[in-house]
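# Structural description and commentary
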Amino acid sequence: DGYSFTIANDDVNPINYVASLRNLIAHTYGGEFSFQGGIEKPITPTNVRIRSETQYGSKEVRPVQVGKGSVFVQRAGRKVRTMGYAETQDGYDSPDLALLAEHITQGGVTAMDFQQEPDSVLWAVRADGALLSCTVDTTPGVGVTGWAKHFTEGAVESVSIIPNGDFDEVWVIVRRIVNGAFLPSIEIMDETWEPMLPVV
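Let me sum up the structure you'll find in this document.

### Quick word on the overall build of the protein
A tally of regular secondary structure across the protein gives zero helices and 15 strands. For the protein, the share of sequence-separated contacts (at least 6 apart) that also reach a separation of at least 24 residues comes to 38%. Total accessible area computed for the protein in this model is approximately 12,500 Å², and 52% of it derives from carbon and sulfur atoms.

Right, dumping it as C-alpha coordinates:
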(Lines give C-alpha, C1' and ligand atoms only; values in the text may rest on other atoms or scores of the structure.)
Protein backbone atom coordinates (compact mmCIF):
# COMPACT_ATOMS: atom_id res chain seq x y z
CA ASP A 1 0.00 0.00 0.00
CA GLY A 2 1.06 3.57 -0.58
CA TYR A 3 1.95 5.91 2.27
CA SER A 4 2.81 9.58 2.56
CA PHE A 5 5.20 11.72 4.58
CA THR A 6 5.16 15.37 5.52
CA ILE A 7 8.46 17.16 4.91
CA ALA A 8 9.38 19.38 7.84
CA ASN A 9 10.04 22.65 6.04
CA ASP A 10 9.00 26.29 6.27
CA ASP A 11 7.34 26.18 2.84
CA VAL A 12 4.88 23.87 1.13
CA ASN A 13 6.48 22.84 -2.16
CA PRO A 14 5.09 20.53 -4.82
CA ILE A 15 7.37 17.65 -5.82
CA ASN A 16 8.21 17.91 -9.52
CA TYR A 17 10.28 14.73 -9.91
CA VAL A 18 11.93 11.99 -7.85
CA ALA A 19 15.42 10.77 -8.77
CA SER A 20 17.16 7.60 -7.59
CA LEU A 21 20.75 8.24 -6.51
CA ARG A 22 22.53 7.15 -3.32
CA ASN A 23 19.15 7.96 -1.76
CA LEU A 24 15.79 8.92 -3.22
CA ILE A 25 15.97 12.60 -4.16
CA ALA A 26 12.79 14.68 -4.32
CA HIS A 27 13.15 17.67 -6.64
CA THR A 28 10.65 20.25 -5.41
CA TYR A 29 9.85 23.81 -6.39
CA GLY A 30 11.67 25.18 -3.34
CA GLY A 31 14.54 22.76 -2.82
CA GLU A 32 15.94 19.24 -3.01
CA PHE A 33 15.39 16.62 -0.30
CA SER A 34 16.86 13.16 0.30
CA PHE A 35 14.82 10.21 1.59
CA GLN A 36 16.31 7.15 3.26
CA GLY A 37 15.46 4.49 5.82
CA GLY A 38 17.44 3.61 8.92
CA ILE A 39 20.86 1.93 8.87
CA GLU A 40 20.67 -0.70 6.12
CA LYS A 41 16.89 -0.54 6.34
CA PRO A 42 14.34 0.24 3.63
CA ILE A 43 11.91 3.13 3.78
CA THR A 44 8.75 2.11 5.64
CA PRO A 45 5.75 4.04 7.02
CA THR A 46 7.52 4.28 10.39
CA ASN A 47 11.14 4.39 9.25
CA VAL A 48 12.13 7.33 7.07
CA ARG A 49 14.67 10.09 7.32
CA ILE A 50 14.06 13.19 5.20
CA ARG A 51 16.83 15.75 4.93
CA SER A 52 17.05 19.07 3.10
CA GLU A 53 20.08 18.92 0.79
CA THR A 54 20.03 22.09 -1.34
CA GLN A 55 17.68 25.06 -1.64
CA TYR A 56 17.90 25.82 -5.36
CA GLY A 57 14.48 24.53 -6.37
CA SER A 58 13.65 22.62 -9.54
CA LYS A 59 11.80 23.51 -12.73
CA GLU A 60 9.23 21.08 -14.16
CA VAL A 61 11.80 19.54 -16.50
CA ARG A 62 12.53 15.83 -16.09
CA PRO A 63 15.99 15.36 -14.50
CA VAL A 64 18.44 12.97 -16.16
CA GLN A 65 21.11 10.82 -14.54
CA VAL A 66 24.69 11.53 -15.58
CA GLY A 67 27.21 9.24 -13.93
CA LYS A 68 26.35 9.18 -10.23
CA GLY A 69 24.56 12.53 -10.33
CA SER A 70 21.12 13.86 -11.18
CA VAL A 71 21.16 16.77 -13.63
CA PHE A 72 18.22 19.12 -13.14
CA VAL A 73 17.10 22.58 -14.22
CA GLN A 74 16.90 25.16 -11.47
CA ARG A 75 13.55 26.82 -10.76
CA ALA A 76 14.10 29.88 -13.01
CA GLY A 77 15.15 27.67 -15.94
CA ARG A 78 18.53 29.31 -16.54
CA LYS A 79 20.88 27.12 -14.48
CA VAL A 80 21.52 23.44 -15.14
CA ARG A 81 22.83 21.76 -12.01
CA THR A 82 24.29 18.30 -11.38
CA MET A 83 23.40 16.93 -7.97
CA GLY A 84 25.68 14.28 -6.50
CA TYR A 85 26.84 12.98 -3.16
CA ALA A 86 29.98 14.62 -1.76
CA GLU A 87 31.72 12.54 0.91
CA THR A 88 33.74 15.55 2.11
CA GLN A 89 30.59 17.24 3.34
CA ASP A 90 28.50 14.12 4.03
CA GLY A 91 25.72 15.42 1.83
CA TYR A 92 24.77 16.45 -1.67
CA ASP A 93 26.22 19.28 -3.73
CA SER A 94 24.78 20.86 -6.89
CA PRO A 95 27.31 22.83 -8.96
CA ASP A 96 26.08 24.78 -11.98
CA LEU A 97 27.08 23.17 -15.31
CA ALA A 98 26.42 26.44 -17.16
CA LEU A 99 28.50 28.61 -14.84
CA LEU A 100 31.05 29.49 -17.55
CA ALA A 101 28.42 29.83 -20.31
CA GLU A 102 25.48 31.60 -18.67
CA HIS A 103 24.37 33.09 -22.00
CA ILE A 104 23.75 29.64 -23.52
CA THR A 105 20.60 29.01 -21.45
CA GLN A 106 19.10 32.48 -21.87
CA GLY A 107 15.33 32.13 -22.12
CA GLY A 108 15.26 28.95 -20.04
CA VAL A 109 15.63 25.20 -20.62
CA THR A 110 12.37 23.32 -21.27
CA ALA A 111 13.53 19.73 -21.95
CA MET A 112 16.67 17.59 -21.85
CA ASP A 113 18.04 14.06 -22.15
CA PHE A 114 21.43 12.37 -21.92
CA GLN A 115 23.34 10.51 -24.65
CA GLN A 116 25.96 8.03 -23.41
CA GLU A 117 27.31 6.63 -26.69
CA PRO A 118 29.46 7.35 -28.61
CA ASP A 119 30.12 10.41 -26.42
CA SER A 120 28.69 11.69 -23.14
CA VAL A 121 26.45 14.56 -24.27
CA LEU A 122 23.63 16.29 -22.42
CA TRP A 123 21.06 17.54 -24.97
CA ALA A 124 18.76 20.41 -23.97
CA VAL A 125 16.00 22.44 -25.60
CA ARG A 126 15.69 26.16 -24.96
CA ALA A 127 12.37 28.01 -24.73
CA ASP A 128 13.01 29.81 -28.04
CA GLY A 129 13.43 26.49 -29.89
CA ALA A 130 17.24 26.36 -29.88
CA LEU A 131 18.93 22.98 -29.46
CA LEU A 132 21.85 22.88 -27.03
CA SER A 133 24.45 20.25 -26.24
CA CYS A 134 26.80 19.95 -23.31
CA THR A 135 29.70 17.50 -23.52
CA VAL A 136 30.12 16.16 -19.99
CA ASP A 137 32.74 14.00 -18.32
CA THR A 138 32.24 13.59 -14.58
CA THR A 139 35.30 11.35 -14.10
CA PRO A 140 37.18 12.50 -10.96
CA GLY A 141 40.15 14.63 -11.99
CA VAL A 142 38.75 15.31 -15.47
CA GLY A 143 35.68 17.53 -15.08
CA VAL A 144 34.96 18.34 -18.74
CA THR A 145 31.97 20.60 -19.49
CA GLY A 146 31.56 22.20 -22.92
CA TRP A 147 28.38 23.82 -24.29
CA ALA A 148 27.37 24.33 -27.93
CA LYS A 149 24.34 25.65 -29.81
CA HIS A 150 23.00 23.83 -32.88
CA PHE A 151 21.21 25.65 -35.70
CA THR A 152 18.33 24.42 -37.86
CA GLU A 153 15.55 25.99 -39.93
CA GLY A 154 12.80 25.62 -37.38
CA ALA A 155 12.21 25.43 -33.63
CA VAL A 156 13.02 22.35 -31.57
CA GLU A 157 10.27 21.46 -29.09
CA SER A 158 11.58 18.28 -27.46
CA VAL A 159 14.54 15.89 -27.44
CA SER A 160 14.81 12.20 -26.53
CA ILE A 161 17.63 9.67 -26.58
CA ILE A 162 16.90 6.15 -27.86
CA PRO A 163 19.64 3.48 -27.52
CA ASN A 164 20.29 1.50 -30.69
CA GLY A 165 23.05 -1.06 -30.31
CA ASP A 166 26.38 0.65 -29.65
CA PHE A 167 24.98 4.09 -30.53
CA ASP A 168 22.45 6.33 -28.79
CA GLU A 169 20.17 8.02 -31.33
CA VAL A 170 19.13 11.64 -30.81
CA TRP A 171 15.46 12.19 -31.72
CA VAL A 172 13.85 15.63 -31.77
CA ILE A 173 10.45 17.15 -32.42
CA VAL A 174 10.97 20.17 -34.67
CA ARG A 175 8.37 22.75 -35.69
CA ARG A 176 9.03 23.84 -39.27
CA ILE A 177 7.21 26.03 -41.79
CA VAL A 178 5.71 23.83 -44.53
CA ASN A 179 3.57 25.49 -47.21
CA GLY A 180 3.16 28.56 -45.02
CA ALA A 181 2.03 26.65 -41.92
CA PHE A 182 3.89 25.53 -38.81
CA LEU A 183 4.00 21.73 -38.72
CA PRO A 184 5.78 19.53 -36.16
CA SER A 185 7.94 16.68 -37.41
CA ILE A 186 9.79 13.86 -35.63
CA GLU A 187 13.39 13.72 -36.82
CA ILE A 188 16.59 11.85 -36.02
CA MET A 189 20.05 13.39 -36.07
CA ASP A 190 22.75 11.91 -38.25
CA GLU A 191 25.39 9.84 -36.51
CA THR A 192 28.41 11.69 -35.22
CA TRP A 193 30.93 12.42 -37.96
CA GLU A 194 34.23 10.63 -37.48
CA PRO A 195 37.30 11.09 -39.69
CA MET A 196 38.63 8.23 -41.78
CA LEU A 197 42.09 7.54 -40.38
CA PRO A 198 44.66 5.70 -42.47
CA VAL A 199 45.69 2.25 -41.30
CA VAL A 200 49.34 2.23 -40.25
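Having put the structure on the table, let's press on.
### Quick notes on a negative patch on the surface
Residues Glu117, Asp119, Asp166, Asp190 and Glu191 make up a contiguous surface patch of negative charge. In this structure Asp166 comes out as exposed when scored by relative accessible area, which is 67%.

### Remarks on the pattern of salt bridges
Scanning the entire structure with this criterion turns up five salt bridges. As a salt-bridge pair, Asp113 and Arg62 come within 3.6 Å of each other at their nearest N and O atoms. With Asp113 in strand S9 (residues 109-115) and Arg62 in the loop between strand S4 (49-54) and strand S5 (64-66), this residue pair connects regions lying 51 residues apart in the sequence. Residue classification places Asp113 among the buried residues on the basis of a relative accessible area of 10%. Judged by relative accessible area, which is 42%, Arg62 ranks as partly exposed.

### Comments concerning the sheet that holds strand S11 (residues 131-137)
Pairing between sheet strands relies on hydrogen bonds along the backbone, with the strands arranged either parallel or antiparallel. Strands sit in the order S9-S10-S11-S12 across an open sheet of four strands; the sheet is antiparallel. Whereas interior strands pair on both sides, the edge strands pair on one side only; in this sheet they are S9 and strand S12 (144-150). Put simply, the sheet's adjacent strands are angled 20 degrees from each other on average, direction ignored.

Quick notes on the rules
Residues numbered from 1 in each chain as written. Predicted model: local features only at pLDDT ≥ 70, side-chain atom pairs only at ≥ 80, totals over all residues. Heavy atoms only, no water. Helix = DSSP H or I, 4+ residues; strand = E, 2+ residues; numbered from the N terminus. Contact = heavy atoms within 4.5 Å. Areas by Shrake-Rupley, 256 points an atom, 1.4 Å probe, with all protein chains shown as cover. Patch = residues over 30% accessible without salt bridge, like charges linked within 9 Å, V, L, I, M, F, W, Y side chains within 5 Å. Salt bridge = Lys/Arg side-chain N within 4 Å of Asp/Glu carboxyl O. Lys, Arg positive; Asp, Glu negative; His and termini not counted. Charge placed at Lys NZ, Arg CZ, Asp CG, Glu CD. Buried < 20%, exposed > 50% of the residue type's maximum accessible area, 1.4 Å probe, protein only. Pairing = 2+ DSSP bridges. Axes fitted to C-alpha atoms, helices over the stretch in contact; angles between N-to-C directions.

So, to be careful, I would describe these as geometric facts and stop short of saying anything about function.
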